[in-house]
Amino acid sequence: KIENEHLPESLLLNILGSRKNILFVEGENDSYDTQLYSLLYPRYHVIACGSCSQVIARTKAFNAGSSLHHCKVYGIIDRDFRSEYEIKKYETENIFVIDVAEVENLFSVEEIIRFMAKHLCKDDNKIFEEVSKYVIDERFAKQIEGQVCHSTIAEIKYQLSTFNLSNKNDTEAQKSLQDLWNSIDYEMVKKKNEEKFHSVLMSRIYKDVLKVFNEKGIAKSIGHFFGINDKEFCKIVVALAKGNQHDSITSALSSYLPTKIPR
């Protein structure tokens, strides 16, 4: 009998009944991004966990349970505002990030924009130029200060979350916590993030923008560039990926997926 707060019985039965390897992802079962993951990883039993914290907790718990090793288990989380150090730490536990800030950004990468433009008999160079200008100038540039703030807070929260008070008495714990707090320089962290985000903005490299821009709504706002309803864009991409354009779409997205998860 396996008991774990992160692996409820219903989830265990779901996993144990599958012969496929397991992939925990963020999002809900019926979301377009979860459907996309299922198409990108057809050899896996893809399980939507909701939040990134649940993906992390369940992947760790599953891999720690020796009785469940009839299959391999991986987790995929959004890049969000994570530092390279944090990303590397998660990789040691079979938890990997995609090469865009949010999974929703996969629907608006250059390769998908060009594919959709050609599929709809549009000029892909013209459409990509219009979409990239819109995303960079109308969305990213106007939200950059908020992005810097969120990135700074996320980095400091991660530093605090890794603080270990075990095996310390009350006096030692208080001193260690105070030392940690004194070691955190908010202004220095903020300045570093300002330089990073403004450098990306100045470069105007679309791929780099999507890698740092935490904005879930981009893909739901670009359909009109293709002459279709904004809200229909992701739906159409998924529908094509489920049909005879599966290979084209999965190939277009392959470079944004973690290379250490076998496909």
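Refer to the structure above for everything that follows.
The structure presented is a predicted model; accordingly, all values stated were derived computationally and were not measured.

What counts and what doesn't
Residues numbered from 1 in each chain as written. Predicted model: local features only at pLDDT ≥ 70, side-chain atom pairs only at ≥ 80, totals over all residues. Heavy atoms only, no water. 1 Å grid on protein atoms, 1.4 Å probe; cavity = no way out; pocket = protein on both sides within 12 Å on 5 of 7 lines; lining within 4 Å. Points joined across faces, edges and corners; volume = space filled by probe spheres on them. Helix = DSSP H or I, 4+ residues; strand = E, 2+ residues; numbered from the N terminus. Nonpolar A, V, L, I, M, F, W, Y, C, P; charged D, E, K, R; others polar. Core = buried A, V, L, I, M, F, W, Y, C linked by side-chain atoms within 4.5 Å. Buried < 20%, exposed > 50% of the residue type's maximum accessible area, 1.4 Å probe, protein only. Contact = heavy atoms within 4.5 Å. Phe/Tyr/Trp six-rings, centres within 6.5 Å; stacked < 30°, edge-to-face > 60°. Lys NZ or Arg CZ within 6 Å of the ring centre and 35° of its normal. Pairing = 2+ DSSP bridges. Axes fitted to C-alpha atoms, helices over the stretch in contact; angles between N-to-C directions. Right-handed = clockwise from strand over helix to strand, strands pointing away. Salt bridge = Lys/Arg side-chain N within 4 Å of Asp/Glu carboxyl O. Polar contact = N/O pair within 3.5 Å; in protein donor to acceptor, adjacent residues only side chain to side chain.

Q: I'm lost on the layout of surface pockets in this one. Help?
A: Regions of empty space are outlined by a rolling probe, equal in size to a water molecule, passed over the atoms. If you add up the space inside the largest pocket, you get close to 320 Å³. Considering the residues around the largest pocket, the lining is formed by 17 residues, among which Phe-81, Arg-82, Ser-83, Glu-84 and Lys-196 are closest to the centre. Mapped onto the lining of the largest pocket, the elements with two or more residues apiece are helix H4 (84–91), helix H6 (124–161), helix H8 (186–203) and helix H9 (206–212). Along the lines of polarity and charge, the residues of the lining of the largest pocket split into four nonpolar, four polar and nine charged.

Q: Where do I start with the nonpolar core in this structure?
A: One recurring pattern in soluble globular proteins is that nonpolar side chains are buried together. Core analysis: the biggest nonpolar cluster contains 60 residues, and Leu-23, Tyr-41, Ile-112, Val-131, Val-135, Phe-140 and Phe-226 have the highest contact counts within it. At nine residues, the largest contribution of residues to this core is made by H6. Not counting residues within four places of it along the chain, the set of residues in contact with Phe-140 comprises Val-135, Phe-197, Val-200, Leu-201, Val-209, Val-212 and Phe-213. Counting 15 residues, the second largest nonpolar core, distinct from the first, contains Cys-71, Ile-77, Tyr-90 and Tyr-158.

Q: Would you mind showing me how to read the packing of aromatic side chains here?
A: Two numbers describe a pair of aromatic rings. These are the distance of the centres and the angle of the planes. This structure, assessed with the given rule, holds eleven aromatic pairs. A ring pair is formed by Phe-24 and Phe-62, whose centres lie 6.5 Å apart and whose planes are at 70°; its orientation type is edge-to-face. Highlighted residues: Phe-24 in strand E1 (residues 21–25) and Phe-62 in helix H3 (residues 52–64), separated in sequence by 38 residues. Classification of Phe-62 by relative accessible area gives buried; the value is 0%. Three or more aromatic residues joined by ring pairs make a cluster, and in this case those are Tyr-41, Tyr-44, Tyr-74 and Phe-96. The side chain of Lys-207 reaches across the aromatic face of Tyr-256, ending 5.2 Å from its centre. One Lys or Arg, Arg-263, reaches over the ring of Tyr-41 and ends 5.7 Å from the middle of that ring.

Q: Can you walk me through the sheet that holds E1 in this structure?
A: Sheet architecture is open: four strands sit in the order E2-E1-E3-E4, paired in parallel fashion. Each having just a single partner strand, strand E2 (44–48) and strand E4 (95–97) make up the two edges of the open sheet. Across the sheet, the mean angle separating the axes of adjacent strands is 25° when strand polarity is ignored. Strands in contact with helix H2 (residues 32–40) are E1, E2 and strand E3 (73–77); relative to E2, the strand with the most contacts, it is inclined by about 165°. Contacting E1, E3 and E4, H3 crosses the sheet at an angle of about 165° to E3.

Q: Help me understand the pairing of E2, please; the structure alone is not making it clear to me.
A: Residues in a regular strand point their side chains to alternate faces of the sheet. The buried count for E2 comes to five of five residues, which makes it a mostly enclosed element. Neither face of E2 is open: one carries Tyr-44, Val-46 and Ala-48, the other His-45 and Ile-47, and all of them are buried. Bridge count for E1 against E2 is five bridges, and the pairing is parallel. Considered in E2, the bridge of Leu-23 is made with Val-46. A crossover links E1 with its parallel partner E2, the connecting element being H2, and its sense is right-handed.

Q: Could you clarify how one ought to interpret the environment of Ala-117 in this entry?
A: Tracing the sequence through the fold places Ala-117 in helix H5 (residues 110–119). A residue is classified by how much of its surface remains accessible, and Ala-117, at 0% relative accessible area, is buried. Separated by 77 residues in the primary sequence, Ala-117 and Glu-194 place their C-alpha atoms 34 Å from one another. Ignoring anything within four residues of it in the chain, the contact list for Ala-117 reads Lys-122, Asp-123, Asp-124, Ile-127 and Phe-226.

Q: Would you explain the pattern of salt bridges in this entry?
A: In a structure, side chains of opposite charge can pair up when their charged atoms sit close to one another. This model, assessed by the stated rule, comprises 19 salt bridges. As a salt-bridge pair, Glu-93 and Lys-60 come within 3.8 Å of each other at their nearest N and O atoms. Within this pair, whereas Glu-93 is found in the loop between H4 and E4, its partner Lys-60 is found in helix H3, the two being separated by 33 residues in sequence. Classification of Lys-60 as partly exposed rests on a relative accessible area of 36%. Counted as one network, the salt bridges with shared partners bring together Arg-79, Glu-84, Asp-99 and Lys-211.

Q: So what exactly am I meant to see when it comes to the side chain of Asn-193 here?
A: Residue placement: Asn-193 occurs in helix H8. For Asn-193, a relative accessible area of 3% puts it in the buried group. A distance of 3.3 Å separates polar atoms of two side chains, one belonging to Asn-193 and the other to Thr-152. Setting aside its immediate chain neighbours within four residues, Asn-193 contacts Val-148, Ser-151, Thr-152 and Glu-155.

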